[in-house]
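# Residue-level structural notes
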Amino acid sequence: MKTTIVMLVLTFIVSTLSLAQAQTKNTAVKPGAAIIASLTSQTNNANSLQLGDSITDSQSGNGLQLTGEVLLQLTTQANFSQLASRYNLQLKHRVGDIVVVTTATNNIQQLVQQLTQEPTIKQASFDLRELGLSADPQVINKPR
Amino acid sequence: MYIKKTLLSCCLLGAFSSLAADHLTNSDPLTPYQWHLNNSGHNGLTTNTVAGEDLNLLNTDMQGIKGDGVTVTVIDSGIELTHPDLVNNVTTGSLNLLTSTVTPTDNTGHGTAVAGIIAAQENNNIGGRGVAPNADLVGFNYLDAQTMSSWLQSHGMPLTGSANSRVYNQSYSSKPALFKNVDAEEHTLSLQLKERVMQQVSLNSNNGLGALFVKSAGNAFYQYTTFFGNTPFQVFPYEQQQPFNNAGLPFHNANLSTDNASFWNMLVSAYNANGKLASYSSVGANVFLTAPGGENAQSQAGIVTTDMSGCAAGFNTINSTIDIPLQNTGLDSHCNATAAMYGTSAAAANTSGAIALVMSANPQLDARTIKHILATTARKLDGNNAGVDINFTNANGDAVSYNAIPGWQQNAAGYNVHPFYGLGAIDVDAAVVMAQQTTALLPTLQVSDWHTADTELTIPDANVNGVQDTLAITDNLTIEAVQLKLSIDHSRMRDLAVELISPSGTRSVLLSPRTGLINATGTPVQNALLLSQHFYGESAAGQWQIRLIDTDNGTSQTLLYNEQAGLLSMNDINNNVDGTVLSWSLRFYGH
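Residues numbered from 1 in each chain as written. Chains lettered and ligands numbered in written order. Predicted model: local features only at pLDDT ≥ 70, side-chain atom pairs only at ≥ 80, totals over all residues.

### Observations concerning the packing of helix 7 (residues 344-361) of chain B against helix 8 (residues 367-377) of chain B
All names here are of chain B. Quick note on the threshold: Angular values range over 0 to 180 degrees, each being the angle between N-to-C directions of two axes fitted as lines to C-alpha atoms, with helices fitted over their stretch in contact. Think of it this way: any DSSP run of H or I at least four residues long counts as a helix, any run of E at least two long counts as a strand, and we number them from the N terminus. Any angle that is under 35 degrees is reported as roughly parallel, and any over 145 degrees as roughly antiparallel; angles of 65 to 115 degrees are reported as roughly perpendicular and all others as oblique. Take the far helix as your reference; a near helix turned counterclockwise from it by less than a right angle gives a left-handed crossing, and one turned clockwise gives a right-handed crossing. By the convention adopted here, residues make contact when the C-beta atoms placed from their backbones lie within 7 Å. Ten residue types, Ala, Val, Leu, Ile, Met, Phe, Trp, Tyr, Cys and Pro, are classed as nonpolar, four, Asp, Glu, Lys and Arg, as charged, and the remainder, Gly among them, as polar.
Interhelical geometry of helix 7 versus helix 8 gives an angle of 115° and a closest axis separation of 11 Å. Relative to helix 8, helix 7 is oriented roughly perpendicular. Relative to helix 8, the crossing made by helix 7 is right-handed. Contact residues: I355, V358 and M359 in helix 7; I370, I373 and L374 in helix 8. In the contact of helix 7 with helix 8, the residues fall into six nonpolar, no polar and no charged.

Printed below as a string of structure tokens:
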């Protein structure tokens with residue numbers, strides 16, 4: 001994940017520097033709607049999503065990355081130990097009726113779909129991190 | 001006993017106030033350059049500053065109120081815990097969220113800089129000092145490990161754990177291109193969990209005294225970077241053939257990040273050493289306060305703070321040009337400090353330090369009462385700022401003007417509010433005096449149900465009168481904040497302004513026009529969440545009015561840039577169908 005973040009930051013820096021170059025070269029402006037729509041519709045329908053895969057926000061189209069954790073909201077009848085045993089879940093945190101778990105399963109999408117069918121689980125969803133969530137400095141160290 | 005102590009403190013404060021401190025006395029060589037603590041007008045390393053534009057903490061400092069007993073958690077890139085200017089203020093509880101060790105390694109220097117603004121030690125002959133130089137620090141490298149588990153651990157869970165922080169500093173933000181649907185399947189559970197945890201920590205941690213979550217508004221006034229799918233783009237305005245021209249209006253709204261629309265986050269914008277909005281600072285109706293954030297040190301004064309030790313790491317390195325003026329002072333031969341820090345990150349850190357001071361002045365006060373004191377004592381910054389008017393040609397071809405960013409206005413409860421500055425700039429000395437005189441806590445917090453209007457309304461294109469609707473509210477609450485949930489069908493969201501007008505007549509612009517919104521999916525915007533702080537102290541009961549105004553008939557566009565994709569144009573065709581308000585709902589936090 002750390003490598004991914006570093007890559008994303010580097011990509012942004014390169015992009016920003018390149019922007020100035022692009023403008024000075026008077027690069028042609030292309031219509032963006034089709035390109036952006038294409039980028040935002042690539043992965044949401046994948047049948048197999050794993051740790052590190054990206055999906056898009058259903059409204060904004062912004063990138064979201066699977067962290068490998070799964071959130072479950074349990075009913076009062078739920079026996080978490082049994083669920084954990086059946087689906088090989090490791091409890092990370094519990095806050096009231098919501099639990100955060102990890103799993104050894106590669107196909108997290110399939111796991112979430114299965115958990116959603118459980119009568120003692122109200123909701124199940126991937127944990128997603130927003131791509132682009134970053135520190136708020138404006139510090140650029142340019143070579144001397 | 002408590003009242004006696006308070007009275008004694010007040011008497012002492014009065015005595016000290018009459019002495020009128022005019023500078024900070026300590027042995028730290030870089031403190032004279034820390035304009036955010038005491039702006040003399042001559043603190044900049046390369047440029048002049050404006051005297052008095054600072055946190056106003058001299059009398060507090062003279063009283064010896066320095067943050068003792070208050071722990072501040074820095075949720076960031078980590079902290080260099082062994083930094084000589086921080087090490088003595090580091091307490092137990094820090095965690096490396098990648099390795100589960102107690103050393104949250106900082107690989108960028110950002111968290112170390114933030115920590116130093118909050119609580120760098122004073123009088124140790126090293127660097128500068130923190131706002132609250134005796135506060136305790138805990139650090140997490142959450143930015144390197146952004147999972148829900150990491151979020152929970154760094155934000156105060158479990159309540160019964162070892163962490164007893166009273167302030168959580170979050171100097172980070174996301175920059176989405178459009179509002180999230182907060183009721184969408186992929187978000188509801190995580191948002192519900194975060195809200196639940198922040199409520200518990202805010203109200204119930206620390207034996208019921210609670211804690212405050214401080215958050216930076218973002219650095220996206222002129223442009224922002226976002227990801228469509230997993231591809232990054234720089235997004236910027238393009239008006240009248242000019243890139244980065246947005247007619248003086250903010251291009252990114254601090255309310256776009258859903259976290260920033262949470263009642264539990266105290267959002268902070270940044271001002272510079274001249275007492276104006278910092279050039280980069282994101283703004284919005286959800287900004288609660290403003291604090292020093294500085295500017296790029298190459299042009300104006302930045303914020304002097306700790307930097308990762310040595311000249312090979314952090315901001316101040318042998319390759320750094322920004323810190324040459326600092327290096328030339330000869331006061332930091334080991335490159336353990338930097339003047340290159342700036343941003344709403346710095347403003348959040350200054351706020352966290354200020355809160356630690358106020359909390360230490362009266363440890364009996366709960367977090368909400370502290371927040372109320374900060375609101376009540378905030379000072380009007382940039383007092384002549386009249387906001388921003390936008391001119392456009394309406395659908396009839398007439399030139400019209402719209403006040404897109406209101407200037408300072410006083411709401412019905414007497415609070416001064418501004419979309420750039422929230423309720424104003426933090427005034428530590430005034431807040432400390434009020435804290436010392438306060439014995440009654442705010443009444444128990446109440447949160448209303450959502451009140452919804454779902455009659456569809458047409459938003460006329462390029463019409464300054466827009467469309468209006470009302471909701472009658474009967475909740476008898478004194479407002480601490482108002483949330484708006486809004487669903488709209490409009491093919492060019494950037495044209496829209498969204499205003500909320502209280503029964504008392506206070507007008508809050510929750511979305512200013514020319515915000516760089518991009519509707520990539522082309523579907524209606526459902527359940528956008530926005531927060532306003534502008535009705536603080538007013539009564540919730542009465543007729544609330546919403547007004548949506550389409551301010552353009554198609555003369556400008558939004559540009560995106562990515563190295564592979566090149567320059568892309570969006571929002572370049574005016575909507576040929578009028579927009580529609582699908583529904584709107586209000587929720588009130590108050591007492």
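### Side note on helix 5 (residues 188-204) of chain B
Residue and element names in this part refer to chain B. Here is the rule: In this analysis, the expected span of each helix is defined as 1.5 Å times one less than the number of residues it contains. Three classes are used. A residue is buried when 20 or more other C-beta atoms lie within 10 Å of its own, exposed when 12 or fewer do, and partly exposed in between, with C-beta atoms placed from the backbone.
For helix 5, spanning 17 residues, the distance from its first C-alpha to its last is 23 Å, which sits close to the expected 24 Å at 1.5 Å a residue. All buried positions along helix 5 are accounted for by L189, S190, L193, K194, V197, M198, V201 and S202. Where helix 5 terminates, the next one or two residues include N206, which has phi positive at roughly 55°.

### What about the sheet that holds strand 23 (residues 507-511) of chain B?
Residues and elements named next belong to chain B. What counts, and what does not: Two strands qualify as a pair provided DSSP detects at least 2 bridges between them.
With antiparallel pairing, four strands are arranged side by side in an open sheet as 20-25-22-23. This sheet does not close on itself; its edge strands, each paired only once, are strand 20 (463-473) and strand 23. Strand-to-strand twist of the sheet, defined as the mean angle between neighbouring strand axes without regard to direction, takes the value 25°. Of the strand pairs in this sheet, strand 20 and strand 25 (residues 542-550) are connected by eight bridges, and their pairing is antiparallel. By the bridge assignment for strand 25, Q468 is matched with R547.

### Focus on the interface of chain A and chain B
Taken together, the contacts link 64 residues of chain A with 75 residues of chain B. For the side of chain A that touches chain B, the element with the highest residue contribution is helix 1 (residues 2-24) of chain A, accounting for 12 residues. Across the side of chain A that touches chain B, the residue classes tally to 25 nonpolar, 28 polar and 11 charged. As judged from the three bridges shared by strand 1 (residues 29-31) of chain A and strand 27 (residues 566-570) of chain B, these two strands associate in the parallel manner. Following the sheet pairing, P31 of chain A is matched in strand 27 of chain B by S569 of chain B.

### What to know about the domain arrangement of chain B
All names here are of chain B. Rules: Residue ranges assigned to each domain were obtained from an automatic or database domain assignment.
Taken domain by domain, chain B consists of domain 1 (2-382 + 420-437) and domain 2 (446-590). Among the elements that take part in the side of domain 1 that touches domain 2, strand 7 (residues 231-239) stands out by supplying nine residues, more than any other. For the side of domain 1 that touches domain 2, the per-class residue count stands at 24 nonpolar, 11 polar and two charged.

### Side note on the sheet that holds strand 5 (residues 212-216) of chain B
Residues and elements named next belong to chain B. Taken together, the six strands give an open sheet; going across it, the order is 2-1-3-5-9-10, and neighbouring strands pair in parallel fashion. Of all strands in the sheet, those with a lone pairing partner are strand 2 (136-140) and strand 10 (287-292), marking the two edges. Looking at each pair of strands side by side, their axes are set apart by 30° on average, direction ignored. Pairing of strand 3 (residues 167-170) with strand 5 involves four bridges; the strand directions are parallel. Residue pairing across strands places Y168 opposite F213, the latter belonging to strand 5. The sheet strands contacting helix 7 are strand 1 (71-75), strand 3, strand 5, strand 9 (265-271) and strand 10, and the helix crosses strand 5 at an angle near 155°.

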